[in-house]
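# Chains, contacts and geometry: an overview
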Amino acid sequence: MVNDDITGTVEFTEVSDSLADDEKIRDIFLTNLALFYLRMQAKMLLPASTISILIEEFQEVCTNAISQMFVRLRKELSELEIPNERICNIIEGLSKENLLTMYNEGLFRSDTTRKTYFKKDFSYVEPVQVHLGFDASGKERFCQYVPVKDTLKALMNLPSVRKQYHVSKMHLPEDPNVLEDVRDGKIFKENTLLQDLPSSISIETSVAKLSLGSKNSVDGVKFDSVFNSLEHFHVCQPGLPPCLGHDLFEGIVSVDLQLFLKHLVSIGKHFTFVQLNRKICQLKFKGRVEKFLLQHFCTLTGIELESRLRESLAGKGKRVLEYFKSQLLKWKKEVKTVLYHIERHMGCVDLGLAAILVMIAYFKEREDAIFLLADEISTEADIEAQISLPSTPRLIMLGESILGAKKWMVSIEGRVVLQLSDHSDFTSALAVFFGSYYVFSIEYPEEAATSLEFIQRFFVRINPEQSKCAAKVQVSRRTGKMVQRKNESLNPHVASFIRNFIHYDWQNN
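Residue positions are counted from 1 within each chain, in the order its sequence is given. Only residues with pLDDT of 70 or above have their local features reported here, since the model is predicted, and side-chain atom pairs are shown and tallied only from 80 upward, although totals for entire chains, interfaces and linings are computed over all residues. The basis for every side-chain value is the complete set of heavy atoms in the structure, and neither hydrogens nor water enter the calculation.

In this section: a negative patch on the surface. Only residues whose relative accessible area exceeds 30% and that form no salt bridge are eligible for patches; like-charged ones are grouped when within 9 Å, while nonpolar side chains (Val, Leu, Ile, Met, Phe, Trp, Tyr) are grouped when within 5 Å. Where accessible areas are quoted, they stem from the Shrake-Rupley method and a 1.4 Å probe; at the residue level, only the protein chains shown are allowed to cover. The rule for a salt bridge is simple: a side-chain nitrogen of Lys or Arg has to be within 4 Å of a carboxyl oxygen of Asp or Glu. In this tally, Lys and Arg are treated as positive and Asp and Glu as negative; His is ignored, and so are the chain termini. The location of each charge is read from NZ of Lys, CZ of Arg, CG of Asp or CD of Glu. On the surface, D21, D22, E23 and D27 cluster together to form a negatively charged patch. By the criteria applied, helices consist of DSSP H or I runs no shorter than four residues and strands consist of E runs no shorter than two, each listed in order from the N terminus. Here D22 shows up in helix α1 (residues 2-43).

Here you go:
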């Protein structure tokens, strides 16, 4: 019995140590995972929606990797002739120990629960967002600040900080005549000299006069600017000459141009507004306009648009079509109809164009909000006379059908602005069409805002916090009326499709 008791005690101790180690591992994992999520939010300044998407994708990759590991484990245990029921119990037990899944579906399941944990365990002080209104382009602007009072409260709630504070308060100077600290005003109140002669310590505030300082001094202006010798220029005095660079980038050029035109028309009488408008309507672009447009797009974004689209449409376009064809029964009538027409033209259809048409149907948007069909022999004048061209850009497809088009034009502000050369293909045309939104700062039309954002994020791979061209309004799918679009960093329909496609693509490719 003694031996049994001793053995039992030893086994219990080993189990206790094992449980303690498990708890320690869980705590370390939880802390590191929380710090990782906090770093994305507080240091990398990623929005909550982006963090949620990253967590979901990371969780999915981890789950797939663990599933593969369990398949291998099942095979290894079977070779050791362990009963299948026992193997299932082992794998089921290990599945429940998936800490990443447990915490992502528990403590960190949403932005609110994550912030609650950060505040409780890390003394996290959440920044306060202040709405600044709208800028000249109609985009909402915000700023954030961290409350100082809340920060100090969180700081003083930390045991280590409170301990340091109490230790410093308990400190007594070795020499009573040495003034070491004035944090609580005690020295000032008890010091005889300062009580009898208050003027012995005084704080004087004044505005220092700006003057040229010594060359050897640390602060101040060291040398007079040589530009001050110019007759009509001075570095500091008012009446500075206008800076064209600032006028351009701060949006003053449009104001200056208005004043110039007003002077030329109303005061100088050089021409009339009717004559000016007629000349603007008669203006025709000359040369390779598409080349200059794509170059300016590259200047704005740092992206070679045509080459990126060519690469993306060739690879992703085919895989998007495979994604839809492999699940044909799942889709609604609109998608099935487009897939049927694509099959009829499969021998000569551009896969990138086919993929975009399927996505327009999938998002339940209108083809004519992006593509307009015209006769192959139509001229620019024919199209402007026969088709009501909208103000937002359209890619005009010349041919018997959109899928069979071999020539392309682009219209903006109700006019055909350019016809692509005979050597161009659909990818070149799409690059010019899509780039015009960025070059001319045009908002996506609400009839195709989701499809255009999909092209932007999926094919062009531009993923800003707030899309420069995103529409501010949309058609409600419930009521059919125009409503204000929610201020979201990523269209939820686009995010949902990309997430599902990545999962399918990972499993099948």
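A few words on helix α20 (residues 492-508). Residues separated by three or four positions in an α-helix point in the same direction, a consequence of the helix having 3.6 residues per turn. With 17 residues, α20 extends 24 Å from end C-alpha to end C-alpha; this agrees with the ideal 24 Å at 1.5 Å per step. Note on classification: 1.4 Å probe, protein chains only; a residue is buried when its accessible area is under 20% of the maximum for its type, exposed when over 50%, partly exposed between these limits. Taken residue by residue, α20 has V494, A495, F497, I498, F501, Y504 and D505 as its buried positions. Two residues form a contact once any of their heavy atoms are found within 4.5 Å. Looking at the buried residues of α20, the elements they touch are α2 (48-79), α14 (305-325), α16 (351-362) and α19 (449-459). Distance and chemistry together define a polar contact, namely a pair of N or O atoms within 3.5 Å, with one atom able to donate a hydrogen and the other to accept it when in protein, and with adjacent residues in sequence counting only for side-chain atoms on both sides. The backbone nitrogen of H493 has a side-chain oxygen 2.9 Å away, supplied by the residue at the start of α20, namely N491. For a helix, the expected span equals 1.5 Å multiplied by the residue count minus one.

Another aspect to go through is the packing of α14 against α16. Across the interface, α14 lies against α16 with an axial gap of 8 Å and an inter-helix angle of 45°. One way to sum up the angle between α14 and α16 is to call them oblique. Once α14 is placed against α16, the crossing between them reads as left-handed. Facing L313, G317, K318, V320, L321 and F324 of α14, the residues of α16 in contact are L351, G352, A354, A355, I356, V358, M359 and Y362. Under the grouping applied here, Gly and all other residues not named as nonpolar or charged are polar, the nonpolar ones being Ala, Val, Leu, Ile, Met, Phe, Trp, Tyr, Cys and Pro and the charged ones Asp, Glu, Lys and Arg. Partitioning the contact of α14 with α16 into residue classes produces eleven nonpolar, two polar and one charged. Axis lines are fitted through C-alpha atoms, for helices just across the contact stretch, and the angle between N-to-C directions can take any value from 0 to 180 degrees. An angle below 35 degrees is treated as roughly parallel, one above 145 as roughly antiparallel, one from 65 to 115 as roughly perpendicular, and anything else as oblique. Should the near helix be turned counterclockwise from the far one by less than a right angle, the crossing is left-handed, whereas a clockwise turn marks it as right-handed.

This paragraph deals with the nonpolar core. Of all hydrophobic cores here, the largest spans 67 residues; its most connected members are F324, F371 and F426. The leading source of residues in this core is helix α18 (residues 426-439), at ten residues. Residues within four places of F371 in sequence aside, it is in contact with L353, I356, L357, I360, L395, M397, I402 and F426. By nonpolar core we mean a set of buried residues, namely Ala, Val, Leu, Ile, Met, Phe, Trp, Tyr and Cys, connected to one another through side-chain atoms within 4.5 Å. Of all hydrophobic cores here, the second largest spans 15 residues; its members include Y37, I55, L100 and Y117.

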